[in-house]
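Spelled out, the chains give:
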Amino acid sequence: MSEKEINAYRLTSLEEPTDEMLAYIMREVAEEANQKYDEALERYFNEIKELYQKQYGNRA
């Protein structure tokens, strides 16, 4: 299945997706979710570190 075919498919289509299409879509969604999770986690810990440094300075 080509990327063009995948990109042309819409879940609102009357045509049912193939197992291959669903697997591809789910893999893409999972990759994006993991990337966003990693970015959010990094922002979270950076914010905690920043707040700690404001409160206590650079003490370890």
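Structure shown above.
Described in the following lines is the structure provided in the data block. (Residues numbered from 1 in each chain as written. Predicted model: local features only at pLDDT ≥ 70, side-chain atom pairs only at ≥ 80, totals over all residues. Heavy atoms only, no water.)

1. Structural notes on the pattern of salt bridges
- For the structure shown, the criterion picks out one salt bridge.
- For Lys36, the salt bridge identified is with Glu32, shortest N-O distance 3.3 Å. Of this pair, Lys36 and Glu32 are both found in helix H2 (residues 19-56), four residues apart, which corresponds to roughly one turn of the helix. (Salt bridge = Lys/Arg side-chain N within 4 Å of Asp/Glu carboxyl O. Helix = DSSP H or I, 4+ residues; strand = E, 2+ residues; numbered from the N terminus.)

2. Focus on the environment of Tyr37
- By the element assignment, Tyr37 lies in helix H2.
- The exposed category is assigned to Tyr37, whose relative accessible area is 52%.
- Counting along the chain gives 12 residues from Tyr37 to Lys49, while the straight-line C-alpha distance between them is 18 Å. (Buried < 20%, exposed > 50% of the residue type's maximum accessible area, 1.4 Å probe, protein only.)

3. Regarding a nonpolar patch on the surface
- Together, Tyr37, Leu41, Tyr44, Phe45 and Ile48 give the surface a local cluster of nonpolar side chains, amounting to about 520 Å² of exposed area.
- With respect to the element layout, Leu41 can be found in helix H2. (Patch = residues over 30% accessible without salt bridge, like charges linked within 9 Å, V, L, I, M, F, W, Y side chains within 5 Å. Areas by Shrake-Rupley, 256 points an atom, 1.4 Å probe, with all protein chains shown as cover.)

4. Some words on the environment of Met21
- Mapped onto the secondary structure, Met21 falls in helix H2.
- For Met21, a relative accessible area of 8% translates into the label buried.
- With 19 residues separating them in the primary sequence, Met21 and Ser2 have C-alpha atoms 9.9 Å apart.

Note that every value here comes from positions in space, so none of it alone points to a role or purpose.
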